[in-house]
Amino acid sequence: DELVADTNALDGYLPGKVADSIRWKTNEAILFGTGNGQPLGAFSGGAAVVVAKDAGQAANTLSLSNITNMVARLLPGCFPRSQWLITPDALPSLFGLTLGNYPIYLPVNQGAQGSPYGTLMGRPIMVSQHAAAFSSQGDLTLLDPKYYRTITKAGGIQTATSLHLYFDADATAFRATFRVDGQP
């Protein structure tokens, strides 16, 4: 309650933390949600096409054939919209991958917005903690976001506070509600 009394400090802190939390939970649900009280995730809805690793491929490695096989499985017309989702642990394995004499991973993409981790085969990379652990299915994903639809409640985020819930602890409860649904 003392923090509530110092409302200037709270006004600068709480909205950012609430937004981060909503973004985290929404991204997790869009990828892995069960569809029961949350979006049906891209990997839960049967839309994912799995490309097996190479025979005899060592753990914690990526190969050119892994990546080119993923590109080959994209539907026609998807490549210009596609983007990579990779676990942070797998990012170093991209260095040194080449197609002939040309690198397929460019860590810095000059002039392109939205790809702070560069590009892989010309498509932007997003490093995500939501991606599966390295050497697990989903550690590197090539996706076309056009094939996933979401809807949100028109009112946006609803917030409420209660001074009564934790009255005996001299604490205020904050609640944020954000309604979203989606499926591949």
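Everything that follows concerns the structure shown earlier in this document.
Residues numbered from 1 in each chain as written. Predicted model: local features only at pLDDT ≥ 70, side-chain atom pairs only at ≥ 80, totals over all residues. Heavy atoms only, no water.

Novice: How do you make sense of the sheet that holds strand S7 (residues 140–143) when you look at a structure like this?
Specialist: Strand pairing within a sheet occurs via backbone hydrogen bonds; the two strands may be parallel or antiparallel. If you trace the 5 strands from one edge of the open sheet to the other, you get S4-S5-S6-S1-S7, paired in mixed fashion. Bordering the open sheet on either side are strand S4 (105–106) and S7, each of which pairs with just one other strand. Here strand S1 (residues 83–86) pairs with S7 via 4 bridges, running antiparallel. Following the sheet pairing, glutamine 83 is matched in S7 by leucine 143. (Pairing = 2+ DSSP bridges. Helix = DSSP H or I, 4+ residues; strand = E, 2+ residues; numbered from the N terminus.)

Novice: Sorry, what's going on with the side chain of glutamine 83 here?
Specialist: Mapping glutamine 83 onto the fold places it in strand S1. Taking relative accessible area as the criterion, glutamine 83 reaches 17% and is therefore assigned buried. Not counting the four nearest positions on each side in its chain, glutamine 83 is found in contact with Pro124, Met126, Thr141, Leu142, Leu143 and Pro145. (Buried < 20%, exposed > 50% of the residue type's maximum accessible area, 1.4 Å probe, protein only. Contact = heavy atoms within 4.5 Å.)

Novice: Before we go on, may I ask you to explain helix H3 (residues 64–72) in this structure?
Specialist: The α-helix advances 3.6 residues per turn, and as a result positions three or four apart in sequence lie on the same side. When we look at burial in H3, the residues that qualify are Asn66, Ile67 and Met70. Looking straight down H3, one finds its buried side chains confined to an arc of 90°; they lie on one side. (Arc of directions from axis to C-beta.)

Novice: Which parts of the structure should I look at to understand unusual backbone geometry?
Specialist: Comment: phi is negative for the bulk of residues other than glycine, and the bulk of peptide bonds are trans. Located in the positive-phi region is methionine 121, a residue other than glycine, with phi close to 50°. Even without being a glycine, aspartate 170 presents a positive backbone phi close to 55°. Looking at where aspartate 170 falls in the secondary structure, it is placed in the loop between strand S9 (158–166) and strand S10 (171–177).

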